[in-house]
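Reading the structure
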Amino acid sequence: MRIAIIIVSALLWMWFLGCTISWRFGKVVLVEGEGVKSLEFVVLVLFTIGTAMFVLCEAVGQWILMVELALWLTVQFFCHEYFTIFGASRRKLEGYNQCFENSFKLFPPSQTRLIPDLYHIVLHLLLAADLTLVIWHVAAK
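The shown structure was predicted, so the numbers you read here are calculated from the model rather than taken from an experiment.

A few words now on the layout of surface pockets. Of the pockets and cavities examined, the largest pocket occupies roughly 640 Å³. For the lining of the largest pocket, the secondary structure elements donating two or more residues are helix H2 (39-56), helix H3 (58-86), helix H4 (90-99) and helix H5 (118-140). Top element by residues in the lining of the largest pocket is H3. It accounts for 8 residues. A class-by-class count of the residues in the lining of the largest pocket yields 18 nonpolar, 4 polar and 5 charged.

See the structure below:
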């Protein structure tokens with residue numbers, strides 16, 4: 001389980017790095033990075049510390065990583081999935097769609113619901129997978 005957590009955490013770290021440095025593949029924009037002076041960079045640093053603590057001192061680090069992942073996933077839910085499930089105001093939709101207008105999308109925008117781009121879909125799946133693995137790891141002890 002430890003190896004799986006480290007692998008998924010490394011994948012999540014590399015994927016989320018895109019919020020700091022843009023991920024582009026030719027003309028396709030996966031995500032536009034916000035730079036090192038952003039809240040995203042602060043989250044990346046905290047996640048780095050939590051993952052390092054898990055690797056270096058598992059007994060304490062597993063709890064730190066679990067709390068960080070749970071908080072991060074909760075924030076992502078209320079910033080994204082909540083509005084996908086329950087709908088969003090016109091202002092929220094316009095702001096979100098404008099912010100991520102250049103990113104690669106699997107599904108077209110909606111007039112009533114926030115539709116996440118490919119980057120956020122993968123980000124949320126990686127977050128959920130990592131959190132699930134850490135919870136199972138803690139529960140197994």
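Here we take up the side chain of His 80. Position of His 80 relative to the elements: it lies in helix H3. What makes His 80 buried here is its relative accessible area of 7%. In terms of polar contacts, His 80 uses its side chain to reach the side chain of Tyr 96, at 3.5 Å. Setting aside chain neighbours within four positions, we find His 80 in contact with Tyr 96, Phe 100, Leu 114, His 120 and His 124.

This paragraph deals with the pairing of strand E2 (residues 28-31). Sheet analysis places strand E1 (residues 23-25) next to E2, joined by 3 bridges and oriented antiparallel. Residue pairing in the sheet places Phe 25 in a bridge with Val 28 of E2. Joining the antiparallel neighbours E1 and E2 is a turn of 2 residues, in which Gly 26 adopts a positive phi near 65 degrees.

Analysis parameters
Residues numbered from 1 in each chain as written. Predicted model: local features only at pLDDT ≥ 70, side-chain atom pairs only at ≥ 80, totals over all residues. Heavy atoms only, no water. 1 Å grid on protein atoms, 1.4 Å probe; cavity = no way out; pocket = protein on both sides within 12 Å on 5 of 7 lines; lining within 4 Å. Points joined across faces, edges and corners; volume = space filled by probe spheres on them. Helix = DSSP H or I, 4+ residues; strand = E, 2+ residues; numbered from the N terminus. Nonpolar A, V, L, I, M, F, W, Y, C, P; charged D, E, K, R; others polar. Buried < 20%, exposed > 50% of the residue type's maximum accessible area, 1.4 Å probe, protein only. Polar contact = N/O pair within 3.5 Å; in protein donor to acceptor, adjacent residues only side chain to side chain. Contact = heavy atoms within 4.5 Å. Pairing = 2+ DSSP bridges.

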